[in-house]
Amino acid sequence: MPPNRKPLALADSKRFRTIQDLTKMRPDCGASIDDFFVIDNELLLIVDLVHIGSILNPYNSPSASYIRTHGVIVHSHICPELRPIFWGKPFLLLPLSCHLKENLADYEDVGNIVGNISCSSGSFLMLPIREEIPTPLGSLMDDALTKKSGACVKIPNGTYRVFYEQFETPGGVKKELYRNIAVQKQ
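All of these numbers come straight from a predicted model, not from anything done at the bench. (Residues numbered from 1 in each chain as written. Predicted model: local features only at pLDDT ≥ 70, side-chain atom pairs only at ≥ 80, totals over all residues. Heavy atoms only, no water.)

Visitor: What am I meant to see in unusual backbone geometry here?
Guide: Note: most peptide bonds trans; most residues except glycine with negative phi. The linkage connecting Lys89 with the following residue, Pro90, adopts the cis geometry, with an omega of 5°. Positionally, Pro90 belongs in the loop between strand E5 (79-88) and strand E6 (91-94). Its identity as a non-glycine residue notwithstanding, Asn41 has a phi of 65°, on the positive side. Looking at the element boundaries, Asn41 is found in the loop between strand E2 (36-39) and strand E3 (43-48). (Helix = DSSP H or I, 4+ residues; strand = E, 2+ residues; numbered from the N terminus.)

In C-alpha cells, the structure reads:
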C-alpha cells in the first residue's frame, strides 16, 4: 500500500496468491493440502503452529486426523509481536506484512478487530472448533489462547479459502516479509 493511501477493502484479490502445499515442502508433516475450511456455527481458532508440536504425528491419531480434515496450515514469517486480526465482509485478514506496521489503524476504517495474534514459529493453523475436537488437541488450543499465541474469532457461516496477499517486495528481501494472510468467504 503506497504511503497516505488508505485501503478501500481489507484485502485486494488482485494480489492473492495460493498458499503453499506443505506436503511438497515436508511430506512427513501430515498437513492437509487443502486451502479452505468450512464454518457452520463454530468459532475459528487461529493459532501459532508451535502449540500443536508433534501432535500431527502419528498420522492416525485423532488429533492429527481432526487437523487434516478440518484445518488449514499456512506458512508466514516469525512475528513475535501481537498483531490485530480484522474482519470486514468477505475477508478475514492477518496483516503481517512488515511495511504495514505503522498503517494498521487504516484497516479499522474498513474492518473490525476481532482478535490479536503473534506467531513465533512462522506458521499458523486455522481450525474450526467443533464439538468433536479431540481432548488433547483442545487442551493445547486452550494453552495457546492463554499465551496470546492464538485467537478464537466468530465469522459468518460459509466456506472460506486462504490466500497470501502479496505486496511488491524490495530487492534482496524475502517475499514472505511482504505478505498478509487473507481469508475470503466463497
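There's more to say after this.
Visitor: Could you clarify how one ought to interpret the side chain of Ser76 in this entry?
Guide: Note on placement: Ser76 falls in the loop between strand E4 (72-75) and E5. Overall, the relative accessible area of 3% leaves Ser76 in the buried class. Once residues lying within four places of it in the same chain are set aside, the contact partners of Ser76 are Leu96, Gly122, Ser123, Phe124, Glu176 and Ile181. (Buried < 20%, exposed > 50% of the residue type's maximum accessible area, 1.4 Å probe, protein only. Contact = heavy atoms within 4.5 Å.)

Visitor: Hey, could you run me through the sheet that holds strand E8 (residues 123-129) in this one?
Guide: The strands that make up a sheet pair up through hydrogen bonds in the backbone, lying either parallel or antiparallel. Here we have four strands laid out as an open sheet, ordered E4-E8-E3-E9, and antiparallel in their pairing. The open sheet has two edge strands with one neighbour each: E4 and strand E9 (150-153). Strand-to-strand, the axes of this sheet are offset by a mean angle of 20°, without reference to chain direction. Of the strand pairs in this sheet, E4 and E8 are connected by four bridges, and their pairing is antiparallel. (Pairing = 2+ DSSP bridges. Axes fitted to C-alpha atoms, helices over the stretch in contact; angles between N-to-C directions.)

Visitor: For this particular structure, what's the right way to read the environment of Asn157?
Guide: Secondary-structure assignment places Asn157 in the loop between E9 and strand E10 (158-166). Judged by relative accessible area, Asn157 falls into the partly exposed class, the value being 33%. Linking Asn157 and Asp40, residues 117 residues apart in sequence, is a C-alpha distance of 5.0 Å. Contact partners of Asn157, with chain neighbours within four places excluded, come to Ile39, Asp40, Asn41 and Lys185. A distance of 2.6 Å separates a polar side-chain atom of Asn157 from the backbone nitrogen of Asn41. (Polar contact = N/O pair within 3.5 Å; in protein donor to acceptor, adjacent residues only side chain to side chain.)

Visitor: It is not clear to me how the environment of Arg179 should be interpreted in this structure. Could you clarify?
Guide: Structurally, Arg179 can be placed in strand E11 (residues 179-185). Along the backbone, Arg179 and Pro95 are 84 residues apart, and their C-alpha atoms lie at a distance of 7.8 Å. Residues in contact with Arg179, not counting those within four places in the same chain, are His75, Leu96, Ser97, Tyr164, Glu165, Gln166 and Phe167.

Visitor: Mind showing me how you'd approach helix H3 (residues 135-146) here?
Guide: Residue pairs spaced three or four apart in an α-helix point in one direction, given the helix's 3.6 residues per turn. Here H3 is twelve residues long and its end C-alpha atoms lie 17 Å apart, about the 16 Å a rise of 1.5 Å per residue gives. In the core, the buried residues of H3 are packed alongside E3, helix H2 (62-70), E8 and E9. (Expected span 1.5 Å × (residues − 1).)

Visitor: In this structure, what is going on with the pattern of salt bridges? I would like to understand it.
Guide: Opposite charge on two side chains permits them to pair, given that their charged atoms come into close proximity. Tallied over the entire structure, the rule returns five salt bridges. Close ionic contact of Asp35 with Arg161 constitutes a salt bridge, the shortest N to O distance being 2.8 Å. Here Arg161 lies in strand E10 and Asp35 lies in the loop between helix H1 (22-25) and E2, a separation of 126 residues in the sequence. Overall, the relative accessible area of 16% leaves Asp35 in the buried class. Assessed through its relative accessible area of 27%, Arg161 is described here as partly exposed. In this structure, the salt-bridge partner of Arg130 is Glu42, at a minimum N-O distance of 2.9 Å. One end of the pair, Arg130, is in the loop between E8 and H3; the other, Glu42, is in the loop between E2 and E3, with 88 residues separating them in the sequence. (Salt bridge = Lys/Arg side-chain N within 4 Å of Asp/Glu carboxyl O.)

Visitor: How should the nonpolar core be read in this particular structure?
Guide: Looking at soluble globular proteins, one finds that nonpolar side chains tend to be buried together. Formed by 25 residues in total, the largest nonpolar core has its most connected members in Phe37, Ile46 and Met126. Aside from chain neighbours lying at most four places away, what touches Met126 is Phe37, Leu44, Leu45, Ile46, His70, Gly71, Val72, Val74, Leu94, Val162, Ile181 and Val183. By size, the runner-up hydrophobic cluster in this structure holds 15 residues, among which are Val47, Ile52, Ile55 and Ile73. (Core = buried A, V, L, I, M, F, W, Y, C linked by side-chain atoms within 4.5 Å.)

Visitor: Help me understand the state of the cysteines in this model?
Guide: Note on terminology: disulfide describes a covalent bond linking the sulfur atoms of two cysteines. In the structure shown here, the tally under the stated rule is zero disulfides. No disulfide involves Cys79; its sulfur sits 7.4 Å from that of Cys119, the nearest cysteine. What makes Cys79 buried here is its relative accessible area of 2%. (Disulfide = S-S within 2.5 Å.)

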